[in-house]
Each structure stands twice: as C-alpha cells, then as structure tokens.
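# Commentary on secondary and tertiary structure
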Amino acid sequence: GTLLSLSLTGGPKEPDDGNVVGVVRSEDNGYTWSAPEVLFAHSRRACWAPEMYVDGDAVCILVHTYSAESRYRELIAYQSFSYDSGKTWSQPRSLPSGLSNLVFRQRVVLRNGTWVFPVYWQACENAWDWVKTPVEDSLTMQWPKRSGVVISHDQGESFSLHGELKDTVLLWENNVVELSDGKLVMLMRAERAGVLYRSESIDSGKTWSKAMPSDIPNPNSKIILLRYGEKIILFHNPSTLQSKLDFSARKPLSMWVSHDDMATWKHKIVLTEEPMFYPHVVVDKKEKKFLVACENAETHYLVRVSFETIGV
C-alpha cells in the first residue's frame, strides 16, 4: 500500500552528469511524504529512472544512465528490483537480450499475457563527433528520436525490439494501449507538430503502421494512455504549440475518456488550468481513485480523481 515516487534531480540542469534519481515514500496514500533521498547515482554519468512497474511481489525500476556531453545519444538502460516494497534495491544490471540504448515507458500487459513496453531512442544521422560538430540540444533531426516497442513473451526473461517509427519530426515519449479487438494503438509526442502522432499494430506489437498525425492536440509534452475496464483514458495537455518548447503552454492538465476504443472522447475533464505536466498515473482500486503524479518543473503534486468522475 506504500506509494513510491521517483524524480530526476541533482545538478544545475538537465542533462548534467550530476543528475541522480531521487525517491520519496508515502504511507498514508499520498497525504504526507518522506524526506527526499538519493536512490541511484553514478560516479561519472547522469542517472534517471523514467518508469517503474509492479509484478507480483517484485517492483522493477528501469534505470538509465547517460553522458551529459552527448545529451541522451549514448543512454544505457538497466533494471533494478525490490522484493520488500521498495525498501531495498538490487544494483542496476543490464537488460536481457542485449537491449541497451532505449528509453522505456509504461509497461502494458496484453490480454494474452504478453508484455509490451513502448520505447524510444536517439539515432545518429549527423554530428557523430559532437565536439567537432556541436549539437544545440536533444531536439534535433541530426539525432532524431524514434519510437518502437520491446516485447516479452516470458515475463521479462527475454526481450525483443520491434518497430522503428519515424517522420520529419521527432517521435518520442510514446504510450501504448490495447483496444477491445486486440489491436494496439501507440500515441507519440511529435516535436513541434502541434498534435500527437498515432500508429497501430494488429499483431500484438510485432509490426506497426506508418506514424501519422492524429487529431489530438499536444504542446510538446508527455502523455499517459491506459485502459481501465472498457474505457480508455488519456492524461495530457490538450493545447497546440508548434514553434518551440514552452513549459507555460503545457496546460490545462486534462483527462480524456473514451467509451468506443478512441473513436471519440466522451469526457474531457480539466484537472487543473495552470501549467502542470508529465503525468504518471496509479489506479487505486481500493480507494476508487486515479492518483496522478504531475509537476510544473519546480514542484511535484499528486492529484486524486474519483472513479465517479467518469461513471465507474
């Protein structure tokens, strides 16, 4: 019943080789939190943990390190496990099947038991020597971000990479959801496109359709897409911004609910009008609430949304 929250912290900015993974815990469902502690740090590289998941008695954190000099182009992914509700953790170790240079997103367990992780990575199209040919930031088509999925048919014992979705814009921070007919839908942040991009798979994630613009507005911000019962729920910032990265445009923080496999969105609920972004969601069946962790680049918050809001 403990809540565990991770953060990217340490150093003066992101990316910086002083970046570490911070952790706080709550024993009262998020009303009060422990003092922040450093959970993972590396002596020479930056450290980050964008996702974690619970599987039975095990909790897994996907820990990533990167060299700030190359931004995220030489990012390496690892796994760390806890078997005592997050009190102690194993030393991060390599992923199975030789997979490395991937950012892992929210795990999806399909009806047939298959695990699907949306992933994205940076390719090198130019500026191989970033000292001789400096790259201004990570949001560049010299090092384009591409999306795919990692699949496991044996509960994490082995992994395989599928898909390489790309376009003339960066495609990243992707999420996947399974529809009622078994089709998978991937939504991706598409940098400076003003909307999310969409791709579909009819073979449990092995192959994907060409990524195309959707009609869902997005101001260059992360989303969470999940299924609860027969409903599909999207937590995001439904506003359009194309020209630049602007944190103040990441508003409102909203919850969209579809009853017809994303053909339409029956409920469009504003959680907060002010800039609040990068949601991560826990479904609390006991309390009948969605627990939404979010931030404004300075402060972290937890927003509770009752199931009654969407008629559950």
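This section reports on the structure supplied with the text. (Residues numbered from 1 in each chain as written. Predicted model: local features only at pLDDT ≥ 70, side-chain atom pairs only at ≥ 80, totals over all residues. Heavy atoms only, no water.)

A tally of regular secondary structure across the chain gives 0 helices and 23 strands. For 312 residues, the compact-globule estimate of 2.2 N^0.38 gives 20 Å, and the chain sits close to it at 19 Å. Summarising its shape, the C-alpha atoms of the chain cover approximately 55 × 45 × 40 Å along the three principal directions. In the chain, buried positions account for 53% of the 312 residues. When contacts within the chain are restricted to residue pairs at least 6 apart in sequence, long-range pairs at least 24 apart make up 47% of them. Total accessible area on the chain is roughly 14400 Å²; 50% of this is exposed by carbon and sulfur atoms. Side chains of the chain carry 34 positive and 38 negative charges; the gap between the two charge centres is 2 Å. (Helix = DSSP H or I, 4+ residues; strand = E, 2+ residues; numbered from the N terminus. Rg over C-alpha atoms; globule rule 2.2 N^0.38 Å. Buried < 20%, exposed > 50% of the residue type's maximum accessible area, 1.4 Å probe, protein only. Contact = heavy atoms within 4.5 Å. Areas by Shrake-Rupley, 256 points an atom, 1.4 Å probe, with all protein chains shown as cover. Lys, Arg positive; Asp, Glu negative; His and termini not counted. Charge placed at Lys NZ, Arg CZ, Asp CG, Glu CD.)

It is worth spelling out the sheet that holds strand β20 (residues 267-272) at this point. In spatial order, the strands read β17-β18-β19-β20; together these 4 strands make up an open sheet with antiparallel pairing. Sheet topology places β17 (224-228) and β20 at the edges, where each strand pairs with a single neighbour. When the angles between neighbouring strand axes are averaged without regard to direction, this sheet yields 20°. Pairing geometry for strand β18 (residues 231-236) and strand β19 (residues 253-258), over 5 bridges, is antiparallel. If you follow Leu-234 over to β19, its bridge partner there is Trp-256. (Pairing = 2+ DSSP bridges. Axes fitted to C-alpha atoms, helices over the stretch in contact; angles between N-to-C directions.)

Let's shift gears to the sheet that holds strand β16 (residues 212-217). Across the sheet, which stays open at both edges, the 4 strands sit in the order β13-β14-β15-β16 with antiparallel pairing between neighbours. Only two strands of the sheet have a single partner each, and these edge strands are β13 (171-178) and β16. Put simply, the sheet's adjacent strands are angled 35° from each other on average, direction ignored. Of the strand pairs in this sheet, strand β14 (residues 184-190) and strand β15 (residues 195-201) are connected by 5 bridges, and their pairing is antiparallel. Of the residues in β15, the one forming a bridge with Val-185 is Glu-200.

The next subject is the pattern of salt bridges. Using the criterion set out here, one finds 13 salt bridges in the structure. A salt bridge links Arg-227 to Asp-261, with the nearest nitrogen and oxygen atoms 3.1 Å apart. Here Arg-227, found in strand β17, pairs with Asp-261, found in the loop between β19 and β20; they are 34 residues apart in sequence, far enough to count as distant. A single network of salt bridges, built from pairs that share partners, joins Glu-125, Arg-146 and Glu-164. (Salt bridge = Lys/Arg side-chain N within 4 Å of Asp/Glu carboxyl O.)

Geometric descriptors of this kind do not, in isolation, establish any biological role.
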